[in-house]
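Residue strings, one per chain:
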Amino acid sequence: MQKRIKVILLIVFFIISTFGVYAQVTLTGKVLDGNNQPLPGTTVIVKGTTSGTITDTNGNYSIPNVSRTSVLQFSFIGMKLQEIVVGDQKTINVTLEQETVGIDDVIVVGYGTKVKKSVTSSISSVTSKDLVEGVTANPIARLQGKASGVTIVNSHIPGGEADVTIRGMGSINNNNPLYIIDGVPSNNGMSSINAEEIESISVLKDATSAAIYGARGANGVILITTKRGSHDKTKVSFSARYGVKSFNNPFNMLNTQQYGEMLWLTAKNQGVEPNSDLYGSGTTPVIPDYIVPAGAMEGDPGTNPDLYNYSTDEFYNITKANKTGTDWYSAIINNLAATTETNLSIAGGGEKGTYAVNFGYLNEEGVVKYTSYDRYTMRANSDTRLNRWLKIGEPSSLSYAKYKGDFSDNQEWSAIGYANRMWAIIPIYDIKGNWAGTKGTGANSINPLAELYRHKNNFSQNINSLGNAYAEAQIIKGLNFKSLFGFELGTANTRMLDLRDPESQQERSTDRLDQGSQQSVQWNWANTLNYSKTFGSHTINILAGTEAIENTWRGFGASRSTFYSNDNNYMELSSGELDINNWGSSNAVTTVSYFGRLNYDYLSKYLLEVTVRKDGSSKFGQNYRWGTFPAVSAGWVVSEEAFLSGMKDKGNTLKLRGGYGIMGNDQIGNYNGYSTFAADVSRSYYAIDGSYNSSQSGFYANTIGNPNAKWESTATGDIGIDIGVLKNTLTATLDVWNRHTTDMLFAKAIPFVVGNANPPAVNIGDMKNTGFDLNINYANKAMNGDFKYSLGLVVSHYKNKVESISDSPTEFIEGAAFRDMVYTRATAGTAYPEFYGLIVDGIFNTQAEADAYFPEYGGGYNLPGHFKYRDVNGDQVIDDDDRTFIGSPHPKFTAGFNVDLTYKAFSLNAFLYASKGNKIANYTKRWIDYGILGSNLSTDALYNSWGSPYLGNNADAALPMIDNDEISQFPSTAFIEDGSYLRLKTLQLTYTLPKRICEKLAVSTLKFYVQGSNLFTITNYTGWDPEVVSRGIDKGVDTAQWPTTKQFTFGLNLDF
Amino acid sequence: MKNKIIFPFITLTLLFTLTWSCKESFLEQVPTGTVSNVVLATEKGVNSLLIGAYASLDETTVSPWGVQADGPDNWVFGGVCSDDAYKGMNPTNETAINSLENFTATSQNSYCLNKWNVCYDGISRANDVLKVMALSNPPLDAKFTSSIRAQVLFIRAFLHFELKKVFNNIPYITDEVVDPTVVKNNVDTWPMIEADLKYAMENLPATQTDVGRPTKWAAQAFLAKAYLFQKKWNEAKPLLDDIIANSGKSLMPKYWDNFDIEHRHNDEAIFEIQASVNDGAANSANANYSNWGINPKNVDGTKSCCGAYQPSQNLVNAFQVDVNGLPILTGSVPQFKNDMGLSFSDAFVQDTVTPVDPRLDLIVGRRGLPYLDYGVMRGSSWVTNQAYGGPYVGKKGMIQKSESEYRTTTGWASSINAHIYKPIRFAHILLWRAEVAAETGDLATATTLVNMIRTRADQQKLMGRCRTFILLDQEGLNVDYDVPAANYVVKTYSSNFADIDFARKAIRTEMRLEFAMEGQRFFDLVRWGIAEPVMNAYFAHDREFRYALGGATPAIFIASKHEYFPIPQTQIDLQKGALEQNQGY
């Protein structure tokens, strides 16, 4: 019934708007701003028509032939739009109010912009004010907790990339979102982008917003728009910050005496006589005076300093024992590591064009010694209106970044990994001040400080340039054509030195130099036609476009060993004598796309959007080269309805929207369709002629192709509600969504009897994600506006489930093996991934108890002090078949909570971030609690392990018997911990100089701030940091990464 | 006004047509740096594929880093799993070997998986050569194809033989198999190994220009070995006689000639696995990569890792001889003195009185004796973890300090070198022939052949008796290089073996001594059917001072199970219905 009324109304409206022209007058008037100053250049139009004018220099206007039923619209950039019904008036004077929300009203969408209130899809938009003054160089990392539906885990190395996933894990393949900067796809990482250059970031989360990017939209799209100048004034901004970092090591490791006791305890647990090269073999460990020679005491002829020899052949580095113990973590941590950032920008423009130029410099020292990151960024954006119908522009940037030092992270072969293993008895230096190490001690590690020092000249320098040149022409009014040619050039140069470390047990035999150079070149050419027209209450907007992209990558590298001198300046490829190795390769991807979008808006009340994109990609064989990705969404602005007029009048809003669409994912490697043979000196060469230093070229089967692979497709549904109450001081957005990925590409494991060629990806997987994104904001003021406050809460939740991986229900994907142990796995019915292992039901306290239990791994493990693993499959035998899924690395939800308080010139901002319900596999425990590879151990191992003489009652043991038994170290619930945490990410106090003082100083804004970041973390996790960076199938495995640091920053922002 | 409309419109049309017209060719991107099978179907391409198949003989081809696996020298399955050697290193290193050594390995064991992986990869490469060769149009020259086929079938048989020794129940994959994943492993594969080797034997030349390619004699020797494994004495006999009489191969004058760089390719080698270092391969993947851990630590100038594969006390004891200079074949073998528990600054006097076979000190590095040209072996300071791995270090596979150009200069595992491993040398032919003779009642021939080996063993002794008992630094040592390092005695059997039992003992012991630390002992124990008593006696004896064999979970060998290793579970899972697990696992 209502519908019919609407239709009738619609028809009537058409008739009225077309023919209802009568009683016309000429209107005049003046437009003023809030300070009663005339506002020249204000657009005055008769709503629903093309007639209108612009105010003159005195703010006056005049429009002939205006009907009395007409509505006049007054608009000026930065001012609130005003509409006035003409009625009987002949003169209408208007005062325009400052637009307070300004830029927030327009958000960037694919190939265009959109007024926020007409958006029907799910987009998180973050503006520059939320991005600056962050503690990370990477602007995307600063989105953490600010954009709902986006899960971000920050890397803690300087200049590190963040791990970003949007709405869960859509695929077992690449889950990275697509980044677009000013219309140009960016592949070279976000850490090279200066946050100060960014105006806004839009995160396209659902199908309707992202389907315009078709085959690459399935993981979500992050659109970055950079700052432009304004037509009227020149603004010079300067900002600077200086910060220092610190880090407190939470691990209590054994000191020299304790480690000796630990050896004795371990021997006792193993039922053998203690025997140590260093600590002797008596009833108790004896701390020696020397570790080289092993276990020697003062007076031992072997300790005669005259025997000391640092030469290659007769190396003998006499080293005293550190009797109190070396704190290896303190040795490598660079406390008070400094960060400096300065930024200068000049933006402005004139009648015809605008410009924005930005220069930024960032220097960040790593919290691990001898590491640093330098970044220089430059951006020049210009937009010029050549004439009334043609506009051109060229926003582009150049970024140079240099990583210096040893950035090894998240692995055992890193300074932190070595520090985990290094015994306390080993000092940093030997008796002559050279590096001391593990040689002669039987320890398996490398002096981590020496390693950092020797790697201090290593670097990776990246030069990235991204930008575009565009021309935008108005063909007829409402019809615009835009041609954009974008480019992204990236080069990476790496230089790695591995210098000899004669003091190490497993030393490098020669000095070695590795250099590499890579270059990526991408161009994209997008042509779009945009038609926008309002017919009375109907507004349509049609977009049609094509885009072609070519991305090529080329790299080569070389290495040499054995140099006359290991001087950094001498070591070049041409001065290396041996091990002449070279490599080089390239690849290319091309795509062609056609796309279109239709927006329809009736009375700003009923909204509809339809999108379709057709993509062709070189990654797929001819049969499945093309894919089509449609999406549709609709919105209903309920608060515009007459029956809710009370709501609208109070300034409140309510919008319901929903959408559905299909997107693709093409991240499967570039040449999946081809079966290839390759020649590789390491894998298929052979010295058939018996030569000892050369080999002959041979081929091997490299890949098996699947020409029938097609796109992964992800169907996404989204229902959202936007609500604003209490005069829009309290706003909330809730989106409930699901994503269903089918035809998921999976390289099905092939048995070894087929050989080792890489299997092709085939379309067999199926994965589902469901979740919700919630934003709540409350902003208000008190005390006559002297006190302003706002609270913001962002909550994201997703649930991921693998429906199937392949046609075999038992097919699974497992994570990487860390020292033979695999912690993660995904199979049909689980999340991608979950932790997989045994369930510990306690520790056997007596032999009788152990004997009475089912045989564990053949029965030899059934001993008091060992784990009692659960018989999961009920076969009364404990073995690998009892492994099961023992926790998920996926959080139940993540949340960001933001508080802004401003009192006069002071403002205080606090930002808290929480991750709840995710588990972490604490792999570091295996090193420091169980001592693999003879590593140093935690005090827990000595004091709280089963059988420890310090433990009053074995039933209280936190750890099993420490006896190096591998079965105790099998992945199990003993290593899985709750990774939930709440962290005060930033706390910032800002003082803004009052206007009157500013005027005296001839500046427009000057503010100072102090900021503390990561000041506290509430967590039960026992590792270094619950914010664990690990991607894809290895998600949630903590393997000795750089920790999050506390940081104190002082900064100032100055605008002229 | 006109321009305003027309100009963009034309541009627009142009742009659309341009992108459209070039789209299909624009979207054609072919892989770089690789070729397709059709392109390889030429003589040159087939030859290159064949080199790729040869490359898999060193069993390190699966990744450029080499997988942590046993190589063709089988130091783990053939050596550490036998009574010859301990794993060495630290208990926490390469723990997958711990469970193999103690016979507690499960079907998850990574060494089993990697062995399976590398061997079948090589087999697949071998079959690819034949498959691609068949694609050539017009067909390639028949002489060429039969020469290629003979080499391919040799490689295929060699790798299946490797798998057969370790896993016994294996699928045999040939180029005619359409789907290798359905081939069952419950079929007797000896006939297939024999068939491939017969073809190779009949079609390979008696000599090859490239030393890496198998000759007719190599194929014939492997065929004889396959017969020996099946106790087909009468089939083996003529093959072995033919090799002895006609191959031109002979024993090298000195025992160590088989293990030094100077005689890398020698007349005793029946077949060699080639190794090259510093040839441009990452981490020297074409070297004898499985040698990565096989050397002492702290040896001056070697920068070596990791001290794996340490000779057992049991093996050292076996080198003692009786008053007649013959191995002690009856009664208990006495314990030979060692330096367990002593630091290099403690005094230790090595036993230079007890008579020992001179091969002992060519195979085993002992404290106080010269170690190649590295100086005197300094006891526990050259051993990674003496309490765990015992007092001895191995010598085979090590190169001399002076031969550094044969050692890789890359990476951490600088012990990797260009030593070539000889799976079969002429000494094998002689002792196998002795075994055949004994088993067929010809005790006189058996005795003669064993004596040939013992006579050669007497030609070389380790010189250099150390008269310093505290080993601080090399320079201060008092070593008399004109005096043998120990009391070396090795004599021939003066009369024919008395009976078959004695002959077996004598021949088997001779094989153990001659081929000690060459990765063959365990497979021999299994084929002789004596693995269970020998291994359990060894465990009982050596666990006395080597805790890793005892402790809380003492090693034990279960007959009818531990003769073969478990088939990797992941492969059984992937090939349900085709693969069956070995008995007992």
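Just so it is clear, the structure is predicted and the values come from calculations on it, not from any experiment.

Brief notes about the overall build of chain A
Part 1 of the reasoning: Within chain A one finds eleven helices and 55 strands.
Part 2 of the reasoning: Compactness check: chain A gives a C-alpha radius of gyration of 33 Å against a globular reference of 31 Å for 1056 residues, within 12% of the reference.
Part 3 of the reasoning: Taking the principal axes of the C-alpha coordinates as reference, chain A spans close to 115 × 70 × 65 Å.
Part 4 of the reasoning: Taking all 1056 residues of chain A together, 56% fall into the buried category.

Here's the deal with the confidence of the model for chain B
Part 1 of the reasoning: Here chain B shows a mean pLDDT of 89. Residues at 70 or above account for 91%.
Part 2 of the reasoning: Scored as a whole, the predicted complex attains pTM 0.82, and scored at its interfaces, ipTM 0.94.

Regarding the side chain of Thr95 of chain B
Part 1 of the reasoning: Relative to the elements of secondary structure, Thr95 of chain B occurs in helix α5 (residues 95-101).
Part 2 of the reasoning: Sequence-distant contacts of Thr95 of chain B, defined by excluding residues within four places in its chain, comprise Asp820 and Glu966 of chain A.

What to know about the packing of aromatic side chains
Part 1 of the reasoning: Applying the stated rule across the entire model yields 70 aromatic pairs over all chains.
Part 2 of the reasoning: Summarising the aromatic geometry, the rings of Phe251 of chain A and Tyr329 of chain A are spaced 6.0 Å apart at their centres and angled 65° between planes, so their arrangement reads as edge-to-face. On the criterion of sequence distance, the pair formed by Phe251 of chain A in the loop between β17 (235-246) and α3 (256-270) and Tyr329 of chain A in helix α4 (residues 328-332) is long-range, its members being 78 residues apart.
Part 3 of the reasoning: A residue is classified by how much of its surface remains accessible, and Tyr329 of chain A, at 2% relative accessible area, is buried.
Part 4 of the reasoning: When the ring centre of Tyr453 of chain A is taken as origin, the NZ or CZ atom of Lys456 of chain A, which lies over that ring, is 4.8 Å away.
Part 5 of the reasoning: A cation over an aromatic ring shows up here: Arg527 of chain B above the ring of Phe229 of chain B, its NZ or CZ 5.6 Å from the ring centre.

A short note on the interface of chain A and chain B
Part 1 of the reasoning: Contacts between chain A and chain B engage 106 residues on the former and 108 residues on the latter.
Part 2 of the reasoning: Both faces considered, chain A and chain B share a buried interface measuring about 9,000 Å² in area, 59% of it formed by carbon and sulfur atoms.
Part 3 of the reasoning: The interface formed by chain A and chain B contains 21 residue pairs in polar contact (both at pLDDT 80 or more).
Part 4 of the reasoning: Taken together, the residues of the side of chain A that touches chain B break down into 44 nonpolar, 44 polar and 18 charged.

What to know about the pattern of salt bridges
Part 1 of the reasoning: A complete count under the given rule lists 61 salt bridges over all chains for this structure.
Part 2 of the reasoning: Among the salt bridges present, the one from Arg454 of chain A reaches Glu503 of chain A, with a minimum N-O distance of 2.9 Å. Residue Arg454 of chain A is found in helix α6 (residues 448-454), and its partner Glu503 of chain A is found in the loop between β26 (479-498) and β27 (512-535); the two are separated by 49 residues along the sequence.
Part 3 of the reasoning: Glu503 of chain A sits in the buried class, given a relative accessible area of 0%.
Part 4 of the reasoning: The shortest N-O distance in the salt bridge between Glu572 of chain A and Arg495 of chain A comes to 4.0 Å. Of the two residues, Glu572 of chain A is situated in the loop between β28 (538-561) and β29 (578-602) and Arg495 of chain A in strand β26; the sequence distance between them amounts to 77 residues.
Part 5 of the reasoning: Through salt bridges with shared partners, a single ionic network connects Glu268, Asp357, Arg359, Lys396, Arg425, Arg454, Arg456, Glu510, Glu514 and Glu518 of chain B.

Observations regarding the nonpolar core
Part 1 of the reasoning: In this structure, Trp75, Leu100, Trp116, Ile429, Ile507 and Phe565 of chain B are the most contacted members of the largest nonpolar core, which totals 168 residues.
Part 2 of the reasoning: When residues of this core are assigned to their parent elements, the largest contribution, 14 residues, is made by helix α7 (residues 142-167) of chain B.
Part 3 of the reasoning: With near-sequence residues (within four places) excluded, Trp116 of chain B lies in contact with Phe752 and Val753 of chain A together with Leu163, Phe167, Ile170, Pro171, Ile567, Pro568, Gln571 and Leu579 of chain B.
Part 4 of the reasoning: Judged by nonpolar contacts, the second largest core, of 87 residues, contains Ala137, Met262, Tyr329 and Val367 of chain A.

Points about a nonpolar patch on the surface
Residue and element names in this part refer to chain A.
Part 1 of the reasoning: Residues Phe238, Leu344, Ile346, Tyr355, Val357, Phe359, Tyr376, Met378, Leu398 and Ile463 make up a contiguous nonpolar surface patch of about 790 Å² in total accessible area.
Part 2 of the reasoning: If you list the elements that add at least two residues to the nonpolar patch, you get β20 (337-349), β21 (353-365) and β22 (372-385).
Part 3 of the reasoning: With three residues, the top contributor of residues to the nonpolar patch is β21.
Part 4 of the reasoning: Looking at Leu398, the relative accessible area reads 38%, which means it is partly exposed.

Focus: the packing of helix α6 (residues 110-133) of chain B against α7 of chain B
Residue and element names in this part refer to chain B.
Part 1 of the reasoning: Where α6 contacts α7, the axes come no closer than 9 Å and their chain directions differ by 165°. Judged on the interaxial angle alone, α7 and α6 are roughly antiparallel. The interaxial crossing formed by α6 with α7 has left-handed handedness.
Part 2 of the reasoning: Class assignment of the residues belonging to the contact of α6 with α7 gives a composition of 18 nonpolar, four polar and four charged.

With respect to helix α9 (residues 216-229) of chain B
All names here are of chain B.
Part 1 of the reasoning: Spanning 14 residues, α9 covers 20 Å between terminal C-alpha atoms, matching the ideal 20 Å at 1.5 Å per step.
Part 2 of the reasoning: The element α9 is largely enclosed, with a buried count of 13 among its 14 residues.
Part 3 of the reasoning: Among the residues trailing α9, Lys231 stands out with phi positive, at a value near 60°.

Structural notes on the confidence of the model for chain A
Residues and elements named next belong to chain A.
Part 1 of the reasoning: Predicted confidence across chain A gives a mean pLDDT of 87, with 96% of residues reaching 70 or more.
Part 2 of the reasoning: Note that residues 9-22 has pLDDT below 50 and, in this model, ten contacts with residues that lie over four places away or in other chains.
Part 3 of the reasoning: The model gives residues 100-104 a pLDDT under 50, and that stretch makes four contacts with residues more than four places away or in other chains.

Comments concerning the sheet that holds strand β50 (residues 976-978) of chain A
Residues and elements named next belong to chain A.
Part 1 of the reasoning: Read from one edge of the open sheet, three strands run β50-β49-β54, paired in mixed fashion. At either margin of the open sheet sits one strand with a lone partner, and together these are β50 and β54 (1037-1038).
Part 2 of the reasoning: Sheet topology places strand β49 (residues 919-922) next to β54; two bridges connect them, and they run parallel. Paired with Ala921 across the strands is Val1037, a residue of β54.

Focus on the pairing of strand β2 (residues 269-273) of chain B
Residues and elements named next belong to chain B.
Part 1 of the reasoning: Burial runs high along β2: five of the five residues are buried.
Part 2 of the reasoning: In terms of strand pairing, β2 meets strand β7 (residues 421-425) through three bridges, oriented antiparallel. Of the residues in β7, the one forming a bridge with Ala269 is Arg425.

Regarding helix α14 (residues 426-439) of chain B
All names here are of chain B.
Part 1 of the reasoning: Between the first and last C-alpha of α14 there are 20 Å, a value that for 14 residues agrees with the 20 Å anticipated at 1.5 Å per step.
Part 2 of the reasoning: The element α14 is extensively covered by neighbouring structure, given that 13 of its 14 residues are classed as buried.
Part 3 of the reasoning: Looking at the residues trailing α14, positive phi occurs at Gly441, about 90°.

Comments concerning the sheet that holds strand β39 (residues 812-814) of chain A
All names here are of chain A.
Part 1 of the reasoning: Ordered in space as β39-β42-β43-β46, the four strands form an open sheet in which the pairing is antiparallel. Each end of this open sheet is capped by a strand with a single partner; those strands are β39 and β46 (884-885).
Part 2 of the reasoning: In terms of strand pairing, β39 meets strand β42 (residues 824-827) through three bridges, oriented antiparallel. Bridging from a neighbouring strand, Phe812 pairs with Thr827 of β42.

The rules behind each value
- Residues numbered from 1 in each chain as written.
- Chains lettered and ligands numbered in written order.
- Predicted model: local features only at pLDDT ≥ 70, side-chain atom pairs only at ≥ 80, totals over all residues.
- Heavy atoms only, no water.
- Helix = DSSP H or I, 4+ residues; strand = E, 2+ residues; numbered from the N terminus.
- Rg over C-alpha atoms; globule rule 2.2 N^0.38 Å.
- Buried < 20%, exposed > 50% of the residue type's maximum accessible area, 1.4 Å probe, protein only.
- pLDDT = per-residue confidence, 0-100.
- Contact = heavy atoms within 4.5 Å.
- Phe/Tyr/Trp six-rings, centres within 6.5 Å; stacked < 30°, edge-to-face > 60°.
- Lys NZ or Arg CZ within 6 Å of the ring centre and 35° of its normal.
- Buried area = accessible area lost by both parts, 1.4 Å probe.
- Polar contact = N/O pair within 3.5 Å; in protein donor to acceptor, adjacent residues only side chain to side chain.
- Nonpolar A, V, L, I, M, F, W, Y, C, P; charged D, E, K, R; others polar.
- Salt bridge = Lys/Arg side-chain N within 4 Å of Asp/Glu carboxyl O.
- Core = buried A, V, L, I, M, F, W, Y, C linked by side-chain atoms within 4.5 Å.
- Patch = residues over 30% accessible without salt bridge, like charges linked within 9 Å, V, L, I, M, F, W, Y side chains within 5 Å.
- Areas by Shrake-Rupley, 256 points an atom, 1.4 Å probe, with all protein chains shown as cover.
- Axes fitted to C-alpha atoms, helices over the stretch in contact; angles between N-to-C directions.
- Parallel < 35°, antiparallel > 145°, perpendicular 65-115°, else oblique.
- Left-handed = near helix turned anticlockwise from the far one by under 90°.
- Expected span 1.5 Å × (residues − 1).
- Pairing = 2+ DSSP bridges.

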